[in-house]
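Architecture and fold: a report
As a plain string of letters, each chain reads:
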Amino acid sequence: MLTTVAAGRVFDYSYCIGMYAMAGQGFWSPQDMVLGPDGVVFVLSRGMEELGQRITRVTLTHDFQGQFGSFGAGEGQFIWPRSIAMDTATNLYVSDEQLHRVSAFDRAGTFLGSWGKPGTAEGELNGPSGLAFDPDDNLYVVDSLNHRIQKFTKDGTFLNAFGSHGSGEGQLDMPWGICTDREGDVYVADWQNDRVQKFSPNGQALRQFGEPGVRVGDLDHPSGVAVDSDGDVYVTDWANHRVQVYGPDGSFIATLVGDAQEPSPWTQTYIDANPDIVKARRRANMEPEWRFRRPVAVKIDADDRLFVLEAARHRIQVYNKEKDYEEHPINL
Amino acid sequence: MASKDEIALMGHLMRRAGFGATYDELQRRANEGYEATVEDLLRPEAHPPVDENVLYRFFPGMEGALAPPTNQADWVYRMINTRRPLEEKVALFWHQLFATGNSKVDNPPELTQQIAMFREHGMGRFPDLLVELARNPAMIYWLDNNGNHRGAINENWGRELLELFSMGVGNYSEDDIKEASRAFTGWTIAPKIPRNPLGRFYWNFEYRPEDHDDGEKSFLGHTGNLDGDDIIQIVVRQPATARFLARHMYNFFVADEPQVPSWNITPPRDPEAIDALVQAYEESDFDIRAMLRTLLLSDFFKEARFERVKSPAELVVGTAILAGNYNQPRPGFPALAFECAYQGQELLNPPSVESWHTGSEWIDGGSLVRRVNFAAGLMGNTTLPGIRSIVDGIREREANSPAELVEGCLELVGPLDVSQTTMNELLAQAEEDGYLRWETEEDARESEQRVGVMLALIAASRDYQFA
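What you see is a predicted model, and the numbers here were worked out from it, not measured in a lab.

Criteria and thresholds
Residues numbered from 1 in each chain as written. Chains lettered and ligands numbered in written order. Predicted model: local features only at pLDDT ≥ 70, side-chain atom pairs only at ≥ 80, totals over all residues. Heavy atoms only, no water. Helix = DSSP H or I, 4+ residues; strand = E, 2+ residues; numbered from the N terminus. Phe/Tyr/Trp six-rings, centres within 6.5 Å; stacked < 30°, edge-to-face > 60°. Buried < 20%, exposed > 50% of the residue type's maximum accessible area, 1.4 Å probe, protein only. Lys, Arg positive; Asp, Glu negative; His and termini not counted. Salt bridge = Lys/Arg side-chain N within 4 Å of Asp/Glu carboxyl O. Polar contact = N/O pair within 3.5 Å; in protein donor to acceptor, adjacent residues only side chain to side chain. Domains from an automatic or database assignment. Contact = heavy atoms within 4.5 Å. Pairing = 2+ DSSP bridges. Buried area = accessible area lost by both parts, 1.4 Å probe. Nonpolar A, V, L, I, M, F, W, Y, C, P; charged D, E, K, R; others polar. Core = buried A, V, L, I, M, F, W, Y, C linked by side-chain atoms within 4.5 Å. Axes fitted to C-alpha atoms, helices over the stretch in contact; angles between N-to-C directions. Parallel < 35°, antiparallel > 145°, perpendicular 65-115°, else oblique.

1. A closer look at unusual backbone geometry
Residue and element names in this part refer to chain B. The omega angle of the peptide bond from Asn196 to Pro197 is -5°, so this bond is cis rather than trans. Along the chain, Pro197 turns up in the loop between β1 (187–189) and β2 (205–207). In this model, Gly414 is joined to Pro415 through a cis peptide bond whose omega is -15°. Positioned with a positive phi, Glu398 is a non-glycine residue whose angle comes to about 55°.

2. Section: the packing of aromatic side chains
Residues and elements named next belong to chain B. A complete count under the given rule lists 44 aromatic pairs over all chains for this structure. Ring centres of Trp94 and Phe126 lie 5.8 Å apart, and the angle between their planes is 20°; this geometry places the pair in the stacked category. Of this pair, Trp94 sits in helix α6 (residues 85–97) while Phe126 is found in helix α9 (residues 126–134), placing the two residues 32 residues apart along the sequence. Judged by centre distance (6.0 Å) and plane angle (50°), the rings of Trp157 and Phe165 are tilted. According to the relative accessible area criterion, Trp157 is buried, its value standing at 2%.

3. Observations regarding the side chain of Arg101 of chain A
Residues and elements named next belong to chain A. As for its placement among the helices and strands, Arg101 is situated in strand β11 (residues 101–105). Although buried, Arg101 forms no salt bridge, and the nearest oppositely charged side chain, Glu75, lies 4.2 Å from it. Within the structure, Arg101 has its side chain in polar contact with the backbone oxygen of Gly74 (distance 2.7 Å).

4. Comments concerning the domain arrangement of chain B
Think of interface size as the accessible area that goes away when the parts come together; that is how it is often given. Residue and element names in this part refer to chain B. Split into domains, chain B comes out as domain 1 (4–46), domain 2 (52–235) and domain 3 (385–465). Between domain 1 and domain 3, the C-alpha centre-to-centre distance is 24 Å. Residue-level contacts link 7 residues of domain 1 with 6 residues of domain 3. Of the charged contacts in the structure, one is a salt bridge between Lys4 and Glu407, with a shortest N-O distance of 3.1 Å. Counting across the domain 1 and domain 3 interface gives 2 residue pairs in polar contact (both at pLDDT 80 or more). Where the side of domain 1 that touches domain 3 is concerned, the elements lending two or more residues are α1 (4–16) and α2 (23–32). Of all the elements, α1 adds the most residues to the side of domain 1 that touches domain 3, at 5 residues.

5. A word on the pairing of strand β16 (residues 158–162) of chain A
All names here are of chain A. Two elements, strand β15 (residues 148–152) and β16, share 4 bridges in a ladder whose sense is antiparallel. In the strand pairing of β16, Phe152 is matched with Phe158. From the end of β15 to the start of β16, which pair antiparallel, there are 5 residues, and Gly156 there has a positive phi angle of about 95°.

6. Observations regarding the interface of chain B and chain A
In this complex, chain B contributes 30 residues to the contact, which on the side of chain A involves 42 residues. Between chain B and chain A, a total of about 2,900 Å² is buried, with carbon and sulfur atoms accounting for 64% of that surface. Of all residues in chain B, the largest losses of buried area upon contact with chain A belong to Arg57, Pro197 and Leu198 of chain B, amounting jointly to 28% of the total for that side. Two residues, Glu63 of chain B and Arg293 of chain A, come together in a salt bridge whose shortest N-O distance is 2.8 Å. At the junction of chain B with chain A, the criterion picks out 11 residue pairs in polar contact (both at pLDDT 80 or more). Here the side of chain B that touches chain A gets 5 residues from one element, more than from any other, and that element is helix α4 (residues 52–58) of chain B. Of the residues belonging to the side of chain B that touches chain A, the class tally is 17 nonpolar, 6 polar and 7 charged.

7. Looking at the nonpolar core
Within the largest apolar cluster, 178 residues are counted, with the highest numbers of intra-cluster contacts made by Ile316 of chain A together with Leu86, Trp94, Phe98, Phe126, Phe165 and Phe253 of chain B. In this view, Phe98 of chain B contacts Gln114, Phe118, Phe126, Leu129, Leu130, Leu133, Met139 and Phe165 of chain B; residues no more than four positions away in its chain are not counted. Counting 18 residues, the second largest nonpolar core, distinct from the first, contains Ala6, Val243, Ala260 and Val298 of chain A.

8. Here we look at the pattern of salt bridges
Where side chains of opposite charge bring their charged atoms close, a pairing between them can arise. Residue and element names in this part refer to chain B. For the structure shown, the criterion picks out 58 salt bridges over all chains. Arg388 is the salt-bridge partner of Glu448, the closest N and O atoms lying 3.2 Å from each other. Taken together, the residues Glu448 in helix α24 (residues 441–459) and Arg388 in helix α21 (residues 385–396) connect sequence positions 60 residues apart. Looking at Glu448, the relative accessible area reads 16%, which means it is buried.

9. A few points about the packing of helix α1 (residues 265–272) of chain A against helix α2 (residues 275–283) of chain A
All names here are of chain A. Viewed as axis vectors pointing N to C, α1 and α2 meet at an angle of 105°, and their least axial separation amounts to 6 Å. On the basis of the axis angle, α1 is roughly perpendicular to α2. Contact residues: α1 offers Tyr270, Ile271 and Asp272, while α2 offers Ile277, Val278 and Arg281. Here the contact of α1 with α2 is built from residues that sort into 4 nonpolar, no polar and 2 charged.

Structure (C-alpha cells):
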C-alpha cells in the first residue's frame, strides 16, 4: 500500500534515495543517518571488513555531494561505525563499536577529535552504538555491550548513566538505537529484549513499546526509534523487516513494510545502463525489492516526514505523515 | 574424572565430528561419556543454532553478501562458534560430496543458502536430501537443469546425480542418464530480481509443468511416467548408492581413501567398515543419522586416530578454536576464509563437481608452508586467550621439566600423538633452556614465551597436519 491509513493517521509513501556502492555515489550496509540543514542527509556506511566505511553527503533531491572517513584505527577513521548524530553547531559525532570511541567532524568532513576508551567503568565504553543529543546539546551514547546508556558532554566528559543488564523494567540487553523527544525524554531500542523503552532524562523507566514476536504490534530485535511532533513513536523492527508505529500511550497504530515501487534516480540510471538487467526485471516479481530489508534507522524531520534507512537495500524510503488527508469515495 | 585415554578419544571424536575443541571442553565431554557425547552430537536440535541476529547485527554486510570471501567468512564464523559441531561438519561433508562452485554460479549467497540446506537436511534421510538438492537453485544452475527442457534435454544434472552424487561410475548406462534427465525436465529456477544496485535477491525453485516430459521412461529396470522424485526413490535403493555413500563417509570421517575416480577399480581400505555403514543405511530406511551413529560408535572409527590429513578448513578452524580469539563477532573472519583458500580449499568454490582431492593431495610445498605459518603464528601467540589458558594449564600442573613441558603441551592441544622423530625434536628444543621457572615476573614471562615456542613447534610439526 502506498498510502497507509490507520487510527486517524495517514502515512503516504513519497520516494526513495540511494543505492548500493562500495564507494562514491551510493551506500554500503548503511547503519544510520542524520538530517542536516539545507536538505542534506549524512549517511553512515558500515561497509565490510576493511572496505566501504564512510559518511556520504546527499541531498534530499539525490545530489551526491561527496564522502569522508575511511577504514582504519587512525584519527577520523572507522572500523565498525554504527551511529551518527548532529549537535546544534551542526558538527557530526560518529560511534565506533570496535574502537570504542566517538569521533567528531564538522559538516565538511574535517576531523575535529575523538574521545572514549574501552572498559566497563563509569565513562568507559564497550561497543558504543546509538547516539542522540539532548536539548542541552549533551550526547547520549548507547553503551551497548555494557547494557546501559551514558551521557557525556560533546567533548566526552562523563555526566551520568542509567540501565543495567537484564530484561526487567528499565534494564537493557544489547541496546542499539536511541532518540529523544521534544520533552527531552529518551527512547531506547532494547534490542535483545524485543522492545523499546522510554526513560525520563534522569533514567527513570516510563513506558514500554512492543512485545517479542512477529504479530501485529510485536517487535523482533528493534534497531532504531524516532518520535514525531504528535508524540507518535516509530520503530525499525529490524528482524521483522518493517516499521512499527505506536501512539504516545504505547498503543499500536500501524505497520509500514516498504513501498519503493519506483527505483531512486541513481538506481534507475544503473538499470538503464544494463539491458540485461532491464530484461530480467521485466520478468521477475519485483515486490521483494519494494519492501524493507533490515531497516536500521528512522528519522523524522520538522515537517514530520519519515525517513527509513535499510541496511540490506542500501536505501532510504521517505513517507509523509499527511495532516489534512481527505478520503476518496470508497465506491469509486 | 575422565582418564587421559578417554580425553584423547574425545579429542579424536571432536576433531572428526566437529572441528576440534579446547581441552576444557574435551574434559567436560569425556566426563559425560563417549556414547552420551555421540548422541549429543547426533541431536543438534538440542542446542541453539548460531544466533544470526547477533551475526548480522555486527556483520550487516554478510547477509546476502556480494563477495565470495564474505560468504566464506560467514561459514567459518559458524564452524568456529556453532554449538552443533556435527551439524556443521556434516554440512562440509555434503559440500565436498555435492561440490557446487562459485566459479560458475557467481552468486555466493545462493551457495550460502545451499550450505544452510545441508545444515537443515544433512542428517536426515538421504532421499529427502537428494530431493532438496535437486530443487536447490545453486545446484540447478551449477549443473544446467534450468537448461533441461522437454524435448531438449541437458544431461548434466542427470549424469552427475548418478556418477558423483549417488551410485558412482559403472553402475548405470548412458540410457539411464538420458531417462533420468527427462524425468527432471521442468525443475528450474523462477525468474529472479537481478543483483544490484539494491543488494542480492534469492533464487527460488520453480516447477514448470509445461516444460516437463510426461512420457514413459525406463530407468534402472523401472518403467513408467517417472518424474524426478521417482528417480531419486529408485537411486537411493541401489546397492551401489549405499556403498558409494558409505565410502564417502569413511573417507571424510574415518581415514583417507584414494581419490573418488579410482573407486571403481580400487577396493575400500576397510571393506568391513563399508559393510557396516551399508547395513546401517539399508536398515534405517536410508537415514544419514543412523549411518553416522554406527560410524562414530564403531571400533574402526575409534582406532583411526590421526589417519586423515586435515583439510584446510579443519586446520584453520581447529587452530582458531584452540586460539580462542574468534569466539565472537570481530574483524578477521574473512582473513580466516582466505587462509583456507591459500591452503587449497576455497570454501564455496571447489575446483570442479568432482570436488577437492583429499588426503595427501591437500599437501604441497606451498600449502604446507601456509599451514605451518598459520598454525604456528596463532599457537605461538601467548596473548591469545586460548593460548593463555594452555600456558596457565602448564603452570598449574607444574609441568616444568623439559619432558613434562612437551608432554603437557601435546596433551593440551589435542591430545596429539607424535612420532618418535617429532618427540625427539621437541625434547631437544625443550632441553635447551632447562626447566620452566615461575618464581619471579621475569621467570614467568620467559617461561610463558617458552610454552608459546613449544606450541608453535607442535603446530609446525608433521603430526599436527593429521586429524
